[in-house]
Amino acid sequence: MVGLNEKEEALVKESWEVMKHNIPHLSLRFFTLILEIAPAAKKMFSFLKDTDEIPQNNPKLKAHAVKVFKMTCESAIQLGEKGEVVVADTTLKWLGSVHLQNGVIDPHFEVVKEALLRTVKEAMGEKWSDEMNGAWAEAYDHLATAIKNEMHAEA
Ligand code: HEM
C-alpha cells in the first residue's frame, strides 16, 4: 500500500489549518455540493430530509462535515507517518454500523469525495494545487475503504 510523502502530508495539514477557521461556511458548502452531485442524498440525512433549504449552523450538519474533513486529515498524517490508516477498532465498527443503518452504499463515498475535493479547492483558492488535491484524494480513499470494509463485514 502506498502512503503519502512528507510534502503531501504537509499539504493536507496546511490546508486543514486554513479550513478549520471557516467551519460554518465550509460545512454548508460541502453539503450543498453533496446535494448538487447527488440530490437523492437529502433523504438520508436526518437534518436535511424535512427541509427545503440546507440549514445554517445546524450542529449535526457541522459535525458530519467536520468529521469527514478531520478524519481525512488524520488519515493523511497516518499515511505520511506509518504508510497506513489506523482507526481504532471500536470507532471503525461504529462508523460501519452508523452508515449501514442510514442506508449508505459504496457509490455514495465517491459523491462525498468529489464534494470534499471541491470544498478544499474553493477553500484554498490560489494555494490549491494538483498535488494537494491528490494528497486529499489518497487520504480520503484509504479512510473510505476502511469504513466500507467494515460495512461489508457487518452486512
Ligand atoms: C453519520 C463520518 C461518509 C452519510 C456519520 C457519523 C460520522 C460520520 C462520525 C456519526 C455522526 C454522529 O452521530 O455523531 C463519516 C466519514 C466519512 C463519511 C469520516 C468518509 C470518510 C459518509 C458518506 C455518506 C454518509 C459517503 C453518504 C452520503 C452519513 C449519514 C449519517 C452519517 C446519513 C447519519 C447522520 C444523521 O442524520 O445524523 N458519518 N461519514 N457519510 N453519515 Fe457519514
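Read on for a plain summary of the structure.

Rules behind the numbers
Sequence order as written defines residue numbering, which begins from 1 separately in each chain. Where totals are concerned, whole chains, interfaces and linings use all residues; where local detail is concerned, this predicted model gives features only for residues with pLDDT of at least 70, and gives and counts side-chain atom pairs only at 80 or more. As a rule here, side-chain values cover all heavy atoms of the structure and leave hydrogens and water aside. Helix and strand assignments follow DSSP, with helices taken as H or I runs no shorter than four residues and strands as E runs no shorter than two, numbered in order from the N terminus. Per-residue accessibility, obtained with a 1.4 Å probe over protein chains only, is compared with the maximum for each type, and a residue is labelled buried under 20%, exposed over 50%, and partly exposed between these values. Should any heavy atoms of two residues lie within 4.5 Å, those residues are considered in contact. All accessibility values rest on the Shrake-Rupley procedure with a 1.4 Å probe; residue burial counts only the protein chains present in the view. Only four residue types enter the tally: Lys and Arg on the positive side, Asp and Glu on the negative side; His and the chain ends are excluded. Charge positions are represented by NZ for Lys, CZ for Arg, CG for Asp and CD for Glu. Water is not among the atoms examined, so metal sites may look incomplete; donors are the N, O and S atoms within 2.8 Å of the metal, or within 3.2 Å for Na, K and Ca. Site shape is set this way: if four donors have all angles between 85 and 135 degrees, tetrahedral; if opposite donors are over 155 degrees apart and all others between 65 and 115, square planar for four donors and octahedral for six; otherwise irregular. A single heavy atom is enough: if one lies within 4 Å of a molecule or strand, its residue is considered near that molecule or strand. Polar contact criterion, stated in full: a pair of N or O atoms within 3.5 Å, where within protein one must be able to donate a hydrogen and the other to accept it, and residues adjacent in sequence count only if both atoms are side-chain atoms. Note on residue classes: Ala, Val, Leu, Ile, Met, Phe, Trp, Tyr, Cys and Pro are nonpolar, Asp, Glu, Lys and Arg are charged, and everything else, Gly too, is polar. Every case where a carboxyl oxygen of Asp or Glu lies within 4 Å of a side-chain nitrogen of Lys or Arg is listed as a salt bridge.

So, the overall build of the protein chain
Then comes step 1: Helices and strands together make up the secondary structure of the protein chain, namely six helices and zero strands.
Then comes step 2: In sequence order, the protein chain lays out its α and β elements as α-α-α-α-α-α.
Then comes step 3: Oriented by its inertia axes, the alpha-carbon framework of the protein chain measures out at about 45 × 40 × 20 Å.
Then comes step 4: Out of the 155 residues in the protein chain, the part that is buried amounts to 44%.
Then comes step 5: Within the protein chain, contacts between residues at least 6 apart in sequence are counted, and of these 77% link residues at least 24 apart.
Then comes step 6: For the protein chain, the exposed area adds up to about 8,500 Å²; of that, 53% sits on carbon and sulfur atoms.
Then comes step 7: Counting 18 positive and 24 negative side-chain charges, the protein chain places the centres of these two groups 5 Å from one another.

Observations regarding the coordination of the iron atom of the ligand
Then comes step 1: Taken together, His64 (NE2) and His99 (NE2) make up the full set of protein donors to the iron atom of the ligand, lying 2.0 Å away.
Then comes step 2: Coordination at the iron atom of the ligand comes from six donor atoms whose angles at the metal span 87 to 178 degrees, giving a geometry best classed as octahedral. Of the two residues, His64 sits in helix 3 (residues 59-81) while His99 sits in helix 4 (residues 89-101), which places them 35 residues apart along the sequence.
Then comes step 3: What makes His64 partly exposed here is its relative accessible area of 23%.

Quick look at the site of the ligand
Then comes step 1: The environment of the ligand is made up of 21 residues, and the closest members are Phe45, Ser46, His64, His99 and Val112.
Then comes step 2: One of the side-chain nitrogen or oxygen atoms of Ser46 is found 2.6 Å away from an oxygen atom of the ligand.
Then comes step 3: Here a nitrogen atom of the ligand and a side-chain polar atom of His64 are 2.9 Å apart.
Then comes step 4: Listing elements by their share of the shell around the ligand, those giving two or more residues are helix 3, helix 4, helix 5 (106-124) and helix 6 (130-154).
Then comes step 5: Ranked by residue count, the leading element in the shell around the ligand is helix 3, at five residues.
Then comes step 6: When grouped by side-chain class, the residues that make up the shell around the ligand number 14 nonpolar, five polar and two charged.

Details of the pattern of salt bridges
Then comes step 1: Applying the stated criterion to the full structure yields seven salt bridges.
Then comes step 2: Across the pair Lys113 and Asp141 runs a salt bridge, and its minimum N-O distance is 3.1 Å. Placement of Lys113 in helix 5 and of Asp141 in helix 6 is noted, with a sequence separation of 28 residues between them.
Then comes step 3: Its relative accessible area of 15% is what places Lys113 among the buried residues.
Then comes step 4: Judged by its relative accessible area of 28%, Asp141 is partly exposed.
Then comes step 5: A salt bridge links Arg118 to Glu114; its shortest N-O distance comes to 3.9 Å. Remark: Glu114 and Arg118 occur in helix 5; sequence separation between them is four residues, near one turn of the helix.
Then comes step 6: For Glu114, a relative accessible area of 37% gives the class partly exposed.
Then comes step 7: Counted as one network, the salt bridges with shared partners bring together Glu36, Glu114 and Arg118.

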